Amino acid sequence: MYLLKVLVQHKVYSLNREFVYYSNEVVKVGARVSITFNEQKIVGFVNEVVEVHGDIDTVIKEYGFEIKKIDEIIDTTPILNEELLLLAKKLANYYLYPLIGVMQTMLPPSLRPKDVLFNAPKIKYETFYTLNNNYSKSGLNKNELKVLDRFDGRATIKTSELNKTKALESLINKNIVLLNKKEVNRYIPVITFSYEDKIALNEEQNNAYNSIIYSSQKAFLLKGVTGSGKTEVYIKLVEYYLNKGKSAIILVPEIALTPLMISRLLSYFKGGVAVLHSSLTDAQKYDEYRKIASGEAKITIGTRSAIFAPNVNLGLIIIDEENDECYKQDDQFLLYNAKEVALLRSEDKDVKIVFGSATPSIELMAKALKKQIGFVELKHRYKEINLPKVSIINRLDHNLFSTKSTIFSLPMIMKLKEVISNNEQAILLINSRGYATYLMCRDCGYVFKCPTCGLPLHYHKEDNSLYCHHCDYKIKKPTRCPNCGNTYFSYGNFGIEKVEEDFKKIFKVPYLVLDSDRTSKTYQIERVLRDFNEKKANILIGTQLVSKGHDFKEVSFVGILNADTLLNYPNYRSKEITFNLITQTIGRAGRNDKQGYAMIQTSFVNDYSILTAANQDYEEFFNEEIKMRKLLLNPPFMSICSLELSSKNNDLLLQKGKELKRYLFSLNLEQVQILGPTLIRKSRGSLLTSIFIKYKKLSTIKDHINDLIDVYKTQSNLNLRINFNPFSF
């Protein structure tokens, strides 16, 4: 008999412990079992197995509490290998999150320890008939021979090609026709863009490659200007580790970047590539995950969650565009950072990590300068191509705009007409979805807001709706103001739909659109990118999906229609985000022999993030930004922990927020700042308030946060959520 220490599927702090069950059969650590818990049939995860002797009554008497038998063994083999089990425990301790919740985050939906798995996708098989090589026609009747004729010289045919008849059944019984099956993959990565299958590194790239390969440093920052050929270095690094019998994970921040990376890797390696991202169906994720776990795929490409891929003998992790905020899970469940997970995953393993970017995050660049991680740099574009020439257009200068459009300046209109006339290509960036950022009554100033989040609803003209981009709440555009009854409205800052409207009036040429509203699925993204690459349109209009990673040879011009969308966002990273977005977008132009050009339309022409981005001067931006970070004691000088309280009761939340702040101040912690509580806000139907702790050393606050978890986990009308280094602050 075996005693099983089981984690139950509910990811709450109050149940973040093991429960003991027993089984008469062997169960492996890392497997799922069906159990009865609190009179409900749920799924448990086996965390430890102890073999015991004697009957269950004797064991119960010895332990002093009731021990139930499991209902069913779900997995005969562990769903998490030994390395990932260890990683899960590290992450639970690192992020102070229930262990079962960590595991559910790490696994694809169909393998998670949750009761939904009972309806989860299973392996898909294709069945077919095969002729036995040693068969003889001797003694076969006329109908049986007719069945054999259907093979028509083929060794194998699909089962759908033969009707189930007595003659067929007889041939199967005689072992002449064999019924076989093979697993079918429901997702096949394809080459969207054509690339050569040979790569020759230039001297600068080769120096970076050798520095990474032969250094004892586990983690490296690869900084390279846009178009410098970082991807070529990535591919050669992957090749090196594959030749050593190891595997690799490559992360990209956006699903829109996966077609390009897949194309590059498949063109070079021909196969052995698996893909993991949220646009795949649950069945496709299940197939890809199993392909990786079996070792069939040595290279995993994906977005943030692919950092948990079960690669066999992992040797290399590459995080491209490492500065991107998409690597931080910041809104629900385990609030992890894929970069931190990569470092934890490499702690006890011989795994090299490469962080790549043209605009490294301030925190990682600071680490590189302190030699806490390795640092290599590509200072020149591949094949010595020049960086784009950039001009700044002042949106406050009305002489630069006409009555035709308040969105396109006259210089930008002239440049776009030139691009179209020369049959070249251009990318236009507007980092705002929909038609307008809000809808407001002209009479009383009422702004339509989401009832569950309290955020302004974006207006989408295409379907005449008001839409919350946070929780997906959606309604038809009202005809009257609910506050005063007025029927006239004004619109907030313009979005991509308004850009399209003005573009069509001015240029009257075909164009393509890339945004998350109309191209959310992989095949939609691939189609738009393929069409643009094949010059089915000269203009691509998009949100930040167009700003990074893409490699279009015919793009000679980039227009940034409103560089201010993130500049005044209430976040200490707003300057960095703005600089990165502009720099990356500019880098899409002039990636071939032709000189590239870019225009930045902004109301803040003297802001250092705008000026340094226009000059493609990362060093100057870093020097200015690090001064502000030091002055305000923001990362990398201090870390931040958010303690978020949520409740349905406004008065209770006010009271508990103040109590929490008083408690934290009473601890008199050294090198710690306490900020908040923030104003109460709505999110997904709950009320929230946050207290932020700035700290030098995690050890100073960790035990106290654990004490808070113990206090709040027993309160049914109040929840505590912990977020280390939140992206929003």
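Residues numbered from 1 in each chain as written. Predicted model: local features only at pLDDT ≥ 70, side-chain atom pairs only at ≥ 80, totals over all residues. Heavy atoms only, no water.

Draft legend 1. Here's a closer look at helix H17 (residues 618-632). For H17, which comprises 15 residues, the first-to-last C-alpha distance of 21 Å matches the rise-based estimate of 21 Å (1.5 Å per residue) to within 8%. Residues of H17 that are buried include every one of Tyr618, Phe621, Phe622, Glu625, Ile626 and Arg629, and no others. Relative to the axis of H17, the buried residues are bounded by an arc of 125° and lie together on one face. Exposed residues pointing more than 90 degrees away from the buried face of H17 are listed as Lys627, Lys630 and Leu631. On its buried face, H17 sits against strand S10 (219-224), helix H11 (362-369), helix H15 (574-586) and helix H16 (608-614). (Helix = DSSP H or I, 4+ residues; strand = E, 2+ residues; numbered from the N terminus. Expected span 1.5 Å × (residues − 1). Buried < 20%, exposed > 50% of the residue type's maximum accessible area, 1.4 Å probe, protein only. Arc of directions from axis to C-beta. Contact = heavy atoms within 4.5 Å.)

Draft legend 2. The sheet that holds strand S7 (residues 125-131), seen in detail. The three strands are arranged S8-S7-S9 in an open sheet whose pairing can be described as antiparallel. The outermost strands of the open sheet, each flanked by one partner alone, are strand S8 (156-158) and strand S9 (177-183). Direction aside, the axes of adjacent strands within the sheet are offset by 35° on average. Bridge count between S7 and S8: three bridges; the pairing is antiparallel. Looking at the pairing, Thr130 lines up with Thr156 of S8. (Pairing = 2+ DSSP bridges. Axes fitted to C-alpha atoms, helices over the stretch in contact; angles between N-to-C directions.)

Draft legend 3. Fine view of the layout of surface pockets. Put simply, the second largest pocket is a space of about 1100 Å³. What lines the second largest pocket is a set of 42 residues, and nearest its centre among them are Glu340, Glu363, Leu364, Lys367 and Asn725. Elements that contribute at least two residues to the lining of the second largest pocket include exactly helix H10 (338-346), H11 and H15. Of all the elements, H15 adds the most residues to the lining of the second largest pocket, at five residues. A breakdown of the residues in the lining of the second largest pocket according to their chemical character gives 18 nonpolar, ten polar and 14 charged. (1 Å grid on protein atoms, 1.4 Å probe; cavity = no way out; pocket = protein on both sides within 12 Å on 5 of 7 lines; lining within 4 Å. Points joined across faces, edges and corners; volume = space filled by probe spheres on them. Nonpolar A, V, L, I, M, F, W, Y, C, P; charged D, E, K, R; others polar.)

Draft legend 4. Broad picture of the side chain of Asp324. Of note, Asp324 is situated in the loop between strand S14 (314-319) and H10. Here Lys548 takes part through its side chain, which lies 2.3 Å from a polar atom of the side chain of Asp324. Aside from chain neighbours lying at most four places away, what touches Asp324 is Pro253 and Lys548. (Polar contact = N/O pair within 3.5 Å; in protein donor to acceptor, adjacent residues only side chain to side chain.)

Draft legend 5. Quick peek at empty space enclosed by the protein. In total, this model carries three cavities of 30 Å³ or more according to the counting rule given. Taken as a whole, the largest cavity spans an internal volume of roughly 60 Å³. Together, Glu83, Leu86, Leu87, Lys90, Leu344, Arg345, Asp348 and Lys349 line the largest cavity. Among the residues forming the lining of the largest cavity, the class breakdown is three nonpolar, no polar and five charged. In terms of lining, the second largest cavity is formed by Leu429, Asn431, Ile560, Asn562, Ala563, Thr565, Leu566, Thr578, Leu581 and Ile582. Per element, the largest residue contribution to the lining of the second largest cavity is three residues, and it comes from H15. Split by residue class, the lining of the second largest cavity holds six nonpolar, four polar and no charged.

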